[in-house]
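Read off the chains here:
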Amino acid sequence: MAASLGELDRRDRAWWTDWVARVFVFGGGISAIVFIVGIFVFITQQGLDFTLHRLSWSEFFTSINWRPTGHPETYGALALIVGTLTITALAMVIAVPLSFGAAIYIGEFARGRQREWMKILIELLAAVPSVVWGVIGLHMISPMIQHWLQPASGVGTNLLNAGIILGLMAAPIMTTLAEDALKAVPESFREAAEALGATRWQVIRRVVLPHARPGLSAAVLLGVGRAVGETIAVLMASGHAIRIPTSLCDPVRALTSTIAAELGETEHGSDHYQALFTLGMLLFLITFGINMLADRIVRGARRRA
Amino acid sequence: MFAARSLHEAADTARLLKIRTRKDTPPVKNLLLTSSLAALTTLTSCGGGAGAASRLQVKGSDTMLEVAQVWAEKYCDAHPEVSISVAGGGSGGGIAGLINGTLDIANCSREMTAEERAKATANGHDPVEHKVGYDGIAIFVSKDNPLPSISLEQIKQIYLDGGSITKWSQLGVKMPEGRDDIVVISRQSNSGTYEYFKEAVLGGKKANFRNGTLDMNGSKDVVDQVLKTTNAIGYSGLAYGKGVAVRMLPVTKKEGDQPVAPSIDTVLDGSYPIARPLFMYTSGQPQGASKAYLDWIVSDAGQGHLMELGYPPLRK
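Residues numbered from 1 in each chain as written. Chains lettered and ligands numbered in written order. Predicted model: local features only at pLDDT ≥ 70, side-chain atom pairs only at ≥ 80, totals over all residues. Heavy atoms only, no water.

### Observations concerning the overall build of chain B
Counting its regular elements, chain B contains eleven helices and twelve strands. Split into buried and exposed, the 316 residues of chain B put 59% on the buried side. Relative to all contacts within chain B whose residues are 6 or more apart in sequence, the contacts with residues 24 or more apart total 75%. Put simply, chain B shows about 11800 Å² of open surface, and 52% of that area lies on carbon and sulfur atoms. (Helix = DSSP H or I, 4+ residues; strand = E, 2+ residues; numbered from the N terminus. Buried < 20%, exposed > 50% of the residue type's maximum accessible area, 1.4 Å probe, protein only. Contact = heavy atoms within 4.5 Å. Areas by Shrake-Rupley, 256 points an atom, 1.4 Å probe, with all protein chains shown as cover.)

Right under this line is the structure:
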């Protein structure tokens, strides 16, 4: 009485729906890989010829003379790299206390509706377009710096301005991630510490923060990634001047804003065009490295737990 | 469809957003970074509706952006069958567009270089030059700056890599609030104004600007920055000083000469030393809509608009 194969094969509507859904979801899942590889291949291929054959690496990393239209052209990216690094460092100095403070308050102190509201507001803050931050830097923070700090450079768009703007931009996303990390600390840990007579701060300082450290580190690293990659706000707030800063109020120039300011005007395939893609590769590697590191920290922590 | 007023709004928005919005990118390099901006950048001047029979893409020099917009707007008012879109991005960007074949007309505030011509020829284009007006490069300082005039040599020493002047006191003036450092404002490296200034003032193609200059992405941005910075000096098109509370320094060819203030008259009679012609380039001899448009630009009507904006016209 064995059923024939034809009867077992139920390729009805549900079967096909299942098949289509599976293909669609698989496509969505794999698209991330396709895109990231595609972007990397594109950036590399656009700048490869110049990067491999005509770029002087020692000049690239040690000279501040970025003169792509000079005679002869020179491609010294040192000032741009230093600009990106100093802006990012300053942004973290501002964003870390702000975001950790906010995360601790939301995670450990705020309760009920207040907490929900704060979370929504912080997410809203994270959604402010970067060009709006740029306008704030250009038209609000810049006059404030000029008025109160009276910088010797006389310019309000500078390292400090860009650092503040980027710090404020990175803080919301860091807060959200840091809060997640705090939330992951089991409630029983806090209860145990409190049972031993620890104060609120002692619980946070000695129990919650150490336990959440990997998550907090990841939050900082992703904030760094955000700051390194940010473009338009930096372009508007940094002053866009090629120099190694010697004070907080010196204008600087970042890798990203150099690409943004120059790429639209270079001729396709020219050395200048390719040199900008070399900067792109550098940025890609930096952010890729940061993200990998953040990932490893979180995974490592999970494995230990 | 943009009306005349919304053009100005668009231009204002573009200025507010500064820098990035001025750029239009040829489709060939619309990668993720720039593609979203391209939409913002082309300031469609007029037409563009169903009725427009021919479309012209004009792009290039930031110096010429303002006048190019006004030309397009006025021309389309009279010729609704034509739609013209205008974008800035620098002379180099315009020429690049011509070479890549994405433009009808490239605005250029300098002559095309031999290299650019060679590349255009290699891509099957034969660039034809049309002189459409003149421009004086004014030296801008804050209205609080007491300096009476400046010589070409002094400007050179301020801007040149390794130049000897970095303090206002070296020019014999005492700046308010002791802001003695000179904040040097320049342009992004493929601006036609940048290139022209390098050749005319710094002493040739091979000269280099000093490092640490604030590199602005638009002619107007230079003036805005000077407006905000007491101890700054900047160079930009004469027309961009109109109606802004900054000073345009009279310039002397040699120290001791009579200083000449930049104006339409002094540019036209040749007494103001930093002035240049403005060009539009087409690929091959212009045909049809391009030809009609260029003919109108050099006509009295087009030249009148040029002069109203503060640019010296081809003839008086």
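### Details of the interface of chain B and chain A
Taken together, the contacts link 46 residues of chain B with 45 residues of chain A. Summing the contributions of chain B and of chain A, the shared interface buries around 3600 Å²; its carbon and sulfur component is 53%. Applying the counting criterion to the chain B and chain A interface returns two salt bridges. Between D161 of chain B and R67 of chain A there is a salt bridge; the shortest N-O distance is 3.1 Å. The interface formed by chain B and chain A includes eleven residue pairs in polar contact (both at pLDDT 80 or more). (Buried area = accessible area lost by both parts, 1.4 Å probe. Salt bridge = Lys/Arg side-chain N within 4 Å of Asp/Glu carboxyl O. Polar contact = N/O pair within 3.5 Å; in protein donor to acceptor, adjacent residues only side chain to side chain.)

### A look at the domain arrangement of chain A
Residue and element names in this part refer to chain A. We note that the domain assignment places domain 1 (2-53) and domain 2 (77-304) within chain A. A C-alpha centroid distance of 34 Å is found between domain 1 and domain 2. Contacts between the two partners involve twelve residues from domain 1, matched on the other side by eleven residues from domain 2. Regarding the contact of domain 1 and domain 2, the summed buried area is about 1000 Å², with carbon and sulfur atoms giving 76% of it. Its largest share of buried area at the contact with domain 2, domain 1 owes to I43, Q46 and F50, together 54% of the area lost on that side. For the pair domain 1 and domain 2, the number of links is zero salt bridges. The interface formed by domain 1 and domain 2 includes three residue pairs in polar contact (both at pLDDT 80 or more). (Domains from an automatic or database assignment.)

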